[in-house]
Number of protein chains: 2
Amino acid sequence: MSQQHDDQVLLAHGSGGVLSHELVARVFLPHSRHAALAALDDAAVLELPPGSQLAFTTDSYVVQPLFFPGGDIGKLAVCGTVNDLAMVGARPLYLSAGFIIEEGLPIADLERIAASMAATAQEAGVHIVTGDTKVVDHGSADKLFINTAGVGWVPTGMRLSGHLARPGDIVLVSGTVGDHGMAVMSQREGLRFSTALESDCAPLYGLVAEMLRAGEVHALRDPTRGGLATTLNEIAAQSDVGIEIEETRVPVRAAVRGACEMLGLDPLYVANEGKVVAVVAAEDAARILAAMRAHRYGRDAAIIGQIVDVHRGRVVLRTALGGRRLLDMLTGEQLPRIC
Amino acid sequence: MSQQHDDQVLLAHGSGGVLSHELVARVFLPHSRHAALAALDDAAVLELPPGSQLAFTTDSYVVQPLFFPGGDIGKLAVCGTVNDLAMVGARPLYLSAGFIIEEGLPIADLERIAASMAATAQEAGVHIVTGDTKVVDHGSADKLFINTAGVGWVPTGMRLSGHLARPGDIVLVSGTVGDHGMAVMSQREGLRFSTALESDCAPLYGLVAEMLRAGEVHALRDPTRGGLATTLNEIAAQSDVGIEIEETRVPVRAAVRGACEMLGLDPLYVANEGKVVAVVAAEDAARILAAMRAHRYGRDAAIIGQIVDVHRGRVVLRTALGGRRLLDMLTGEQLPRIC
């Protein structure tokens, strides 16, 4: 076999034939010992805990570049999907992984990404049990896109939804905002800042489980594309409530703030991949905050505002100078291909 | 808003902000009344029948062109995934749908594809309950890629696997082979044949359910990429058995045979999207065949061979002229982007 054959993904790796089987055996199977994946049947057959509901979600990942400070597309593809499960209070159990590969991708890159997915899945407590690989000709995709879908287990009686925010509830965020988006941007644009920017990409079910144990949580959401501002607008609209946020209480790293100023961006609209926004019962807010701060992914957690029964469907920011301004949902495109 | 804004997908439609919400509301939500999708939470929360196992599978679809005789990428994305569930005996219940869209795709195309997915999902008895839309810049993808993942319900005691073929078992195929691949090829290459070629793209759980009622089925597989020959090789390898196929018994449409001859292709290696290969207990083969022929998607079903305890791991074709030749797994790439 030629040098090229061993080093790069070829169209024939997507044929469904011999090379497809070789690629799966070489790159993906070494990272999974789950019997359902190893069986290589058309679908994985899996056990679910009894007496539960199923949570099901999907996201595609098209981040560019594939590798960035604090993560890569594989880590992102696991975190993003297990986090979406965690946001409805589900324990993530199983993931699928679909790869769309541009012909010519170095197999070493694919191996590095598969290893990163496996390590992140292990940390998140999920198994990648089914997958698919497609290869498209050079120029028909940009290196690699990954889709993951996730299945999780929702305990009986658990009900979290963006529809359940109530006036009087407290709004928390689990840490600094804008880290992921600015880390990817800095890598992409070759920007150099005095302090390194790093993605916050992390699996959040462990943090969420601690929060659920600590008190009454009504809604959770991870502020990814569109950032904190867009997520808050979604909750305000879904629950038909107003939200008031104190600008000075929203944690933002100095490096992120500096990079945002340089690029004319607002950190409240920049994507996060390891943060959760929580709407919780007022009487439990302090306990939930303490539980968040005790967790490695919630050390910078803060109470940032409250749910109000005025300006329904809208989010109002109380600024550092004491003014008030409407915090709209993101309009237009701020940072393409950030996740 | 500009003409372009209304007609084509823009990068901002993938922002997660206002335009993303508008696109989902305009194109996707009108086709689904499932409460879990309408809730627009991060994950769908779903009921599962009690006392069952879960089947879970995924595929990405990169077929080119998006529309072809007998189907389109949306119909394909539903059929391919519900069929993978059916192949382990699972009743398909829920689908996720992830769209990766190249900037500039006409929104009318997306609407047509969403409508096709909805109609196919209805026929297949599944609900699309969760989804995701990403937009990449012009030149970073080829119009549209779709990933679907599927969740199904496996009745207690059901066990179908490519590992369960046993010497003496009978091999059936549910109809003519090569239709899908040649329909896409003819569209792509602008070939004109005397008889129209049409994809066999169809959801197969209904057919499979009839087969399971009729007798003892050991293994099912849908012969997609790599075609019938590759699928048979997979079963031979997984079960460590030999397979003997009678070439004259394999149904092939005259138009497909003609197109294959013109292009130098072997229909046994051409993709199908509405066919099932079954390995069944010999004593039930006639009953299962009758059940298949009574179903609209199995009218041309045929017994094509048997499982043997010689040449383990290999598939042998008994040719029309009485010779025998080894039927290998597909090597190289025959038809890129066929599904």
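As shown above, the structure is provided for reference.
Draft legend 1. The arrangement of the overall build of chain A in detail. Helix and strand counts for chain A come out as 10 helices and 14 strands. Computed over the C-alpha atoms, the radius of gyration of chain A is 21 Å, within 12% of the 20 Å expected from 2.2 N^0.38 for a compact globule of 339 residues. Here the C-alpha coordinates of chain A stretch approximately 70 × 50 × 30 Å along the principal axes. Per-residue burial for chain A yields a buried fraction of 64% across its 339 residues.

Draft legend 2. Fine view of unusual backbone geometry. All names here are of chain A. Cis geometry is adopted by the peptide bond preceding P65, which originates at Q64 and carries an omega value of 5°. When you line up the elements, P65 lands in the loop between β2 (53–61) and β3 (67–68). Of note, the phi angle at H311 is positive, near 30°, even though the residue is not glycine. Its place among the elements puts H311 in the loop between β12 (302–308) and β13 (315–318). When its relative accessible area of 22% is taken as the criterion, H311 is described as partly exposed.

Draft legend 3. Summary view of the packing of helix α2 (residues 18–28) of chain B against helix α5 (residues 107–124) of chain B. Residue and element names in this part refer to chain B. In contact at an axis separation of 9 Å, α2 and α5 are set at 50° when each is read in the N-to-C sense. Relative to α5, α2 is oriented oblique. Contact with α2, carried on its side by L23, R26, V27 and F28, involves I107, L110, E111 and A114 of α5 and no other residues of that element. Tallied by class, residues from the contact of α2 with α5 come to 6 nonpolar, no polar and 2 charged.

Draft legend 4. Representation of the pairing of β13(A) within the structure. Residue and element names in this part refer to chain A. The pairing of strand β10 (residues 242–246) with β13 spans 4 bridges and is parallel. Paired with I245 across the strands is L317, a residue of β13. Bridge count for β13 against strand β14 (residues 324–326) is 3 bridges, and the pairing is antiparallel. Looking at the pairing, R318 lines up with R324 of β14.

Rules and cut-offs
Residues numbered from 1 in each chain as written. Chains lettered and ligands numbered in written order. Predicted model: local features only at pLDDT ≥ 70, side-chain atom pairs only at ≥ 80, totals over all residues. Heavy atoms only, no water. Helix = DSSP H or I, 4+ residues; strand = E, 2+ residues; numbered from the N terminus. Rg over C-alpha atoms; globule rule 2.2 N^0.38 Å. Buried < 20%, exposed > 50% of the residue type's maximum accessible area, 1.4 Å probe, protein only. Axes fitted to C-alpha atoms, helices over the stretch in contact; angles between N-to-C directions. Parallel < 35°, antiparallel > 145°, perpendicular 65-115°, else oblique. Contact = heavy atoms within 4.5 Å. Nonpolar A, V, L, I, M, F, W, Y, C, P; charged D, E, K, R; others polar. Pairing = 2+ DSSP bridges.

Take it as geometry only, folks, not as evidence of what the structure does.
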